[in-house]
Each structure stands twice: as C-alpha cells, then as structure tokens.
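# A look at the structure
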Protein chains: 2
Amino acid sequence: MVSGISLKELAAELNLAPSTVSRALNDSYEISEQTKKRVLSMAEKLNYHPNPFARSLRENKSKTIAVIIPERINNFFAQVMDGIESITQEHGYHLLVYSTHEDLEKEKKIVNLLLNGRADAIVMSVSSQTSDISHLRKLYDRGLPILFFDRICSEIPTTKFITNDFQSTLEATRHLIQQGCKRPAFLMLSEDISITKERHRGFLAALKEAGIEHNPEFSKVCCQREERNIEILAELLNRPDRPDGILSSVEKLALASYHAAKKLKLRIPSELKVISFSNMGIAGLLNPSLTTIIQPACTIGEECAKILIKKLTKPNQPDLPNEVITIPSKLIIRESTLAE
Amino acid sequence: MVSGISLKELAAELNLAPSTVSRALNDSYEISEQTKKRVLSMAEKLNYHPNPFARSLRENKSKTIAVIIPERINNFFAQVMDGIESITQEHGYHLLVYSTHEDLEKEKKIVNLLLNGRADAIVMSVSSQTSDISHLRKLYDRGLPILFFDRICSEIPTTKFITNDFQSTLEATRHLIQQGCKRPAFLMLSEDISITKERHRGFLAALKEAGIEHNPEFSKVCCQREERNIEILAELLNRPDRPDGILSSVEKLALASYHAAKKLKLRIPSELKVISFSNMGIAGLLNPSLTTIIQPACTIGEECAKILIKKLTKPNQPDLPNEVITIPSKLIIRESTLAE
DNA sequence: AAGAAATACGCAAACGTTTTCGAAATTATA
DNA sequence: TATAATTTCGAAAACGTTTGCGTATTTCTT
C-alpha cells in the first residue's frame, strides 16, 4: 500500500469539506486562520501528501522539466545539469533526464515520449547525428516550451544558449599558430551540428588570417567509438605531411589524440600541439597538461533554467523569444600547446 | 495550448464510447479487430497521446523511477545512471534524477519530495554526510520500493548492490605493499558511510597481514572542497614520517593527491605511490597514469534496474529481499604504483 | 428452432485534486 | 433594527483515464 491518506479522508477526519481542506492547505484567503491551523496540524499528524498526478491532471502542469543530453559521461553536460538543477530545485521543479547517446533514433523515441505532456518544458542539446529535425518540430508545434543549448537547432524559433564558438575557436587557433603550428588540424564529431560549424568557421578564419592554406583532409570527422577514432587519428598523424597541431571541438577527441600520439610516440607539445574544448577538471593533470577552452557550463544551465522557470511560473508569459544568447568561453593555456 | 486531443474527443470522433476506445488502444480482447484498426488509425491521424497523469491517477503508478546520487560529475555515478537507463528505457520507464551534492539536508529534502508517490521506486546512493537515516526509514515505511547501491544503508531491509569493497581494497593494498610501500595512507570522504568502512577494513587487513603497524593519522578524512583537500594532503605529505603510498577510496581524492604531490614536488611513483577507486576513462592519460580499482558501474546500474523492473511490472511480486549483492571490481595496474 | 455461450460494446463510477458558484453565518452600515 | 457587506465554508463539476458490470447482438449447441 504505497499511497497514503487522501484529501477526502483528511477532510472527513476534520469534519470539513474537501474543498475547504484544499483551500486551507493552499493558504487561501477564504479560510480562517483557525481552520488553517487545524487542517495543517492534522495533515501533519496523518502524514498527508497531496497526490501529484491528481494535481497535474487538474492543473494541466506537472512541475517537471525534461532534459535531453547526448551523453552523461561528459563533464560539460554534467555541469550543465547541475546548473539547471540548482535553479529548478529552488522552485520545486523535478527533472526528467534522458541521454540519447548521440543516437538520432533514440532521440526521436525520447522526444516522442514527451509529446504527451509529461513535462512542462524541455531543455536539450541535440545529438551529433541530428540532421532531420521533424521530431523536434512536432514538439514545438505542440506548444511545449523548448530551449536549446550548445548543440542548438536553429530551425526551431525559440531561445538558445551557446558559447562564443566562433570567437573562442578563432582565438584558440591563433594561439596554436602563434606557438608555431604551420599545419593545424580540426577534429569534430559531425559536420551537421551547430557548434561544429561555428567552431570550424572560427578555425578557418584564423588560418586565413595567418595566410595558412588549409588542407581539407585536416578537417577530420570522427565517430563515437574510441578505438576507431584513435585509428583515424593515428592514420592522420602518420602522414608525411602530418598536422603539427590539433584543435579538437570536443573533449573526447582530444583524449583520442593523446592516445594516438602515445601510440605513434609523437611527443606533445614538441611534435604535436593539442588544444580542445573541454570542461574536464583534471586537464591540468594530464600528461602533458591539456590546454583547454572551458565553456561556462554551469552558467548555461542556470540561465536555461531561469528563463524556463520564468516562463512556467509567471502567468501570461509570451513564448520563448527566438534568440541566441551567447556566454563566452575561457581559454586556459597549459603545457600541451607550449612552444619549445 | 499544450494539451492535445483527449480520449473522449477521440471517441466522439469515432462515434464510440470512451471505454471502447480505451480498450481498443490497450488491445483488449473484448474489442473486435476491425474497431481496433479504426481506433488506431484515427488516433494516429488526430495525433492522440494518452495523458500520463490521468493514467497514473487511475492506476496508481507513474512508470517513473527516481534516482538519487551524491554527485553528477563523477564517472562512477554517471556510468551507473547509463546502466539504469539502458534497462528502464526498454520498459518505458522514465527517470527522475536528483543530486544531493553530498549534502544530507538536500538529501532529506529530495527524499521528502518523493514521499507523495511521484515515483514508483527509488534507487539511491546516500551522501557521505548521511548518518541520520530517519528520512530513509520514512520512505521505506511508506512502502515505496527502495534499492541502494555503492553507498548503502544497511539499516533499511532491502536489496543493495555493492562491489567487493573489502576484498578489492585488500588486494590493492597488497599491491601497494608489494611495490615497496612501508607506510601507506588511506583517504576517505567520511567515516560514516558503508563503503568507507569496508574499504578501510580491507586496507587495515592487508597492513596487518604484512606486519605493518598503521598510524591512525594516516587514515585521513577529507572534505568536499578540492582546495582544502589539497591542503590536508600536502600537510600529510610534508610530515617527516610522511606516507609513501596512498590508497584513495574515491576518485576525487586521488586527484587531490596528484595536485598535492605536484605542489610539494613529490614524484609519483618513486617517492609516492598512488592507487584509487576510480572509473575515469582517462586514468591512463594522467601524469603518471593512475593505477585504479574499477567498479562495475554500468553492471550495477543494470542489475538495479532489472530487479526494480521485475518488482514493478510483474504482479504480486514480494518485497525486495533484504540482501547485499556483490559484483567484483577490477584492479588495473598502471604507472602510479610502479616500483623503481 | 430454442436456449446457451460467446462476442462486442456502452454506462457510469472511480482515482485525488482544484475551482466555480452558492449559501450560510457573522459583522458592519444606515 | 433591518439591510448590506463580509467572512467562511460546502456542493458539485471537472481534469482524462480505466474497469466492473450490464446488455444487445451474434454464434454455437442439441
């Protein structure tokens, strides 16, 4: 017998109508202080807890927000989650969390599960495979507030949070060049997603600025499997005209680069410089320590949550505006990009 | 207008009773194949999605499982989460995820939120601060299936999943001693929680076995703040009779040890050997690479979920048996414990 | 061919809330 | 003192499902 006492039973115990008890518990002005006290203490005594589903059914809202991320074992997304939770928890919201594992099919399934209104809103970062966006459009058309971060979907007119992908990659690449790189490579998970495009653009802009001609084969699309990525990178780094620098647009490819370099006995940073987007706490403990572009993950999470909470709790809020909000990243220079 | 069409409206559209439509959608034997087809296609056409709250209210179950973990930015817990999700998703269950940030007060708040039946079951790992367990008992008394993993609460009679904490620490400490450590230290987050006790016991057993007398001051309780931990460890490592080996019962303290060693210019492994419980994917890339005891995180998550799903989906299941299930860890030897 | 069994569906209650409306009882107003 | 205004509460509907029970229609018995 999981369920406890109901409002009706509580009311019966008090010789009051359910409506009165409901109002008392919700601190309505229509109820005298005396009865409120009586109700509260009896509720406490009988261990009454309002049934959330009855309430959700009646009020047509669930005090629940769904979060969809591409992967959990990733410091950036974990930090964003913490940021979101810190705000939503304050306002009594619950978090349904789903991981797509970078799989579009899984993403579609998850999104379809949310079509029934189980969550009041959705904040998500699309998978690296997400080119078709019909499932997202369905969500949007249903009127569910959606909010994107990092891997955004620009076709859906809503609010999106990103970091200054272009600018920070531009500066990171400048740093790479300044440290002596002549033939930097760019690593990505997919050509389709938003951040890749922006970061690649920033990368190319820096090369052009420095008068370096880019070999398109040095812009490498990698995959999900670690082993395969190490192979791909080893192959790249084994070329006679191999890259002497790497800008990785995601954390895991920087690590694959380290492994590949280790395998080929290429020394970092003297023979290969590496820089990466990453929110690892221990970048400084790697061998050698990794120069990183740190994204404001926690802040992004908090800002997402704040906007959503405002939209959900204040009456008559307009739809989430169709705008892209940028929060800058920070470049932390460590050993992996040191000039000799 | 978030909510779509209702069952009633769908029924009206079909000139059928809501009960018939409900049964058709649930594939009841009482409905003819022909009407089932008609209903299904109309539901598809009108984009009907059953309201989960109405269903939950009626059926008194939510197809939701709550997971409470001490922190998200931790490979072990992230992997457990993935394990849980892989099973629950198959069965159409949703995951409410909460992080206590190792804070007992937060844990209590979260647990109290779950008293109302929002989730059909709970799987959790208690915070390192959890000594008082009255909130957990309240949950249990309510009849909600609870399941513990890793940081278990032995006072609650239910199923718990752990790794072989004693045995694996015993072996890890043996390894440390075998590599030449004379004065190993043990690092922990709290003396109260289950895993710490077991691991400490294993540690001490190995010392006794080797005839090493243990200095109690070498069993260090650390805290949550990284900086403070580095201070504590630096102090420990600055003693004239400083430890020459470290067994860290949690990942983050191994990293703090690395930082402290770096600060004191102590060389690992020649001057200090380090071994730690950790599920970091990149332990091999640290400087030096870190010898780790890897817990079967994903499996633990899967097993938790399997048991829970069985309990929740099969009718007339008995309560979760009061037993502790052990899944062994694996010792991966790397550079940080190499004898010179 | 008449009764029994099986098939296919509808009516209405129930789950536990919130809220609209109405109506007593009390207090203030003239 | 009679009436108006205020305070405080109750009755009942509604949210969208599922399900026990009743019933009309068809099919199977003998």
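Conventions and cut-offs
Residues numbered from 1 in each chain as written. Chains lettered and ligands numbered in written order. Predicted model: local features only at pLDDT ≥ 70, side-chain atom pairs only at ≥ 80, totals over all residues. Heavy atoms only, no water. Near = heavy atom within 4 Å. Polar contact = N/O pair within 3.5 Å; in protein donor to acceptor, adjacent residues only side chain to side chain. Helix = DSSP H or I, 4+ residues; strand = E, 2+ residues; numbered from the N terminus. Expected span 1.5 Å × (residues − 1). Buried < 20%, exposed > 50% of the residue type's maximum accessible area, 1.4 Å probe, protein only. Nonpolar A, V, L, I, M, F, W, Y, C, P; charged D, E, K, R; others polar. Phe/Tyr/Trp six-rings, centres within 6.5 Å; stacked < 30°, edge-to-face > 60°. Pairing = 2+ DSSP bridges. Axes fitted to C-alpha atoms, helices over the stretch in contact; angles between N-to-C directions. Contact = heavy atoms within 4.5 Å. Core = buried A, V, L, I, M, F, W, Y, C linked by side-chain atoms within 4.5 Å. Least-squares fit on C-alpha atoms with pLDDT ≥ 70 in both.

In the nomenclature of an unreviewed UniProt entry, chain A is known as LacI family transcriptional regulator of Algoriphagus iocasae.

Let's shift gears to the protein's contact with DNA strand D. Near DNA strand D there are 27 residues, and of these T20(A), R23(A), L7(B), S22(B) and R58(B) occur at the shortest range. The sugar-phosphate backbone supplies 57% of the atoms of DNA strand D found within 4 Å of the protein. Contact distances for DNA strand D include 2.8 Å between a base oxygen and a side-chain N or O atom of R23(B). Side-chain polar atom of Y48(B) to a phosphate oxygen of DNA strand D: 2.8 Å apart, as the coordinates give it.

Residue and element names in this part refer to chain A. If you check helix 8 (residues 165–178), its first and last C-alpha atoms are 20 Å apart, about what 14 residues at 1.5 Å a residue would give, namely 20 Å. Turning to helix 8, its buried residues are D165, S168, T169, L170, A172, T173, H175, L176 and I177. Positive phi appears at G180, one or two residues downstream of helix 8, with a value of about 115°.

It is worth spelling out the protein's contact with DNA strand C at this point. The environment of DNA strand C is made up of 27 residues, and the closest members are L7(A), S22(A), R58(A), T20(B) and R23(B). Each atom of DNA strand C within 4 Å of the protein belongs either to a base or to sugar and phosphate, the latter forming 57%. Side-chain polar atom of S19(B) to a base nitrogen of DNA strand C: 2.9 Å apart, as the coordinates give it. The separation between a base nitrogen of DNA strand C and a polar side-chain atom of E30(B) is 3.1 Å. A total of 4 residues in the surface near DNA strand C trace back to one element, the largest contributor, which is helix 4 (residues 52–59) of chain A. Class assignment of the residues belonging to the surface near DNA strand C gives a composition of 8 nonpolar, 11 polar and 8 charged.

Taken as a whole and assessed by the stated rule, the structure comprises 8 aromatic pairs over all chains. Plain terms: the ring middles of F76(A) and F149(A) are 6.4 Å apart, the flat faces sit at 50° to each other, and that makes the pair tilted. Here the residue F76(A) occupies a position in helix 5 (residues 75–90), and F149(A) occupies one in strand 4 (residues 146–149), the gap between them amounting to 73 residues. Comparing F76(A) with F149(A), the two get one shared label, buried. Summarising the aromatic geometry, the rings of F76(B) and F77(B) are spaced 5.1 Å apart at their centres and angled 70° between planes, so their arrangement reads as edge-to-face.

With an omega of 5°, the peptide bond between I268(A) and P269(A) qualifies as cis. Relative to the elements of secondary structure, P269(A) occurs in the loop between helix 11 (251–264) and strand 9 (273–277). Of note, N47(B) is a non-glycine position whose phi angle comes to about 60°, a positive value. Structurally, N47(B) can be placed in the loop between helix 3 (33–45) and helix 4 (52–59). Under the relative-accessibility criterion, N47(B) is labelled partly exposed at 37%. Positive phi values are uncommon outside glycine, yet H101(B) reaches one of about 55°.

Turning our attention to the sheet that holds strand 12 (residues 330–332) of chain A. All names here are of chain A. On the basis of which strands lie adjacent, the open sheet formed by 6 strands has the order 7-6-8-9-10-12 and mixed pairing. Of all strands in the sheet, those with a lone pairing partner are strand 7 (219–221) and strand 12, marking the two edges. Taking each pair of neighbouring strands and ignoring which way they run, the sheet shows an average axis angle of 20°. Here 4 bridges tie strand 8 (residues 245–248) to strand 9, and the two strands are oriented parallel to one another. Opposite I246, over in strand 9, you have V274 as the bridge partner. Sitting on the sheet, helix 8 touches strand 6 (184–188), strand 8, strand 9, strand 10 (291–294) and strand 12, and the angle it makes with strand 9 is about 165°.

Membership of the largest hydrophobic core comes to 57 residues, with the highest contact counts inside it found for L286(A) and L286(B). Put simply, the parts of the chain that give this core at least two residues each are strand 6, helix 10 (226–237) and helix 11 of chain A together with strand 6 (184–188), helix 10 (226–238) and helix 11 (251–264) of chain B. Those residues in contact with L286(A), other than ones at most four positions away along the chain, are L255(A), Y258(A), M280(A), I282(B), L285(B), L286(B) and N287(B). Counting residues in each nonpolar core, the second largest holds 52 residues, with C304(A), L312(A), V67(B) and A297(B) among its members.

Looking now at the relation of the copies chain B and chain A. Between chain B and chain A, the superposition needs a rotation of 180° and an axial shift of 0.0 Å, giving an RMSD of 0.0 Å. Here the symmetry operator amounts to a two-fold rotation axis. Comparing interface residues between copies, 98% of those in chain B also sit at the interface in chain A, which points to an isologous, same-surface contact.

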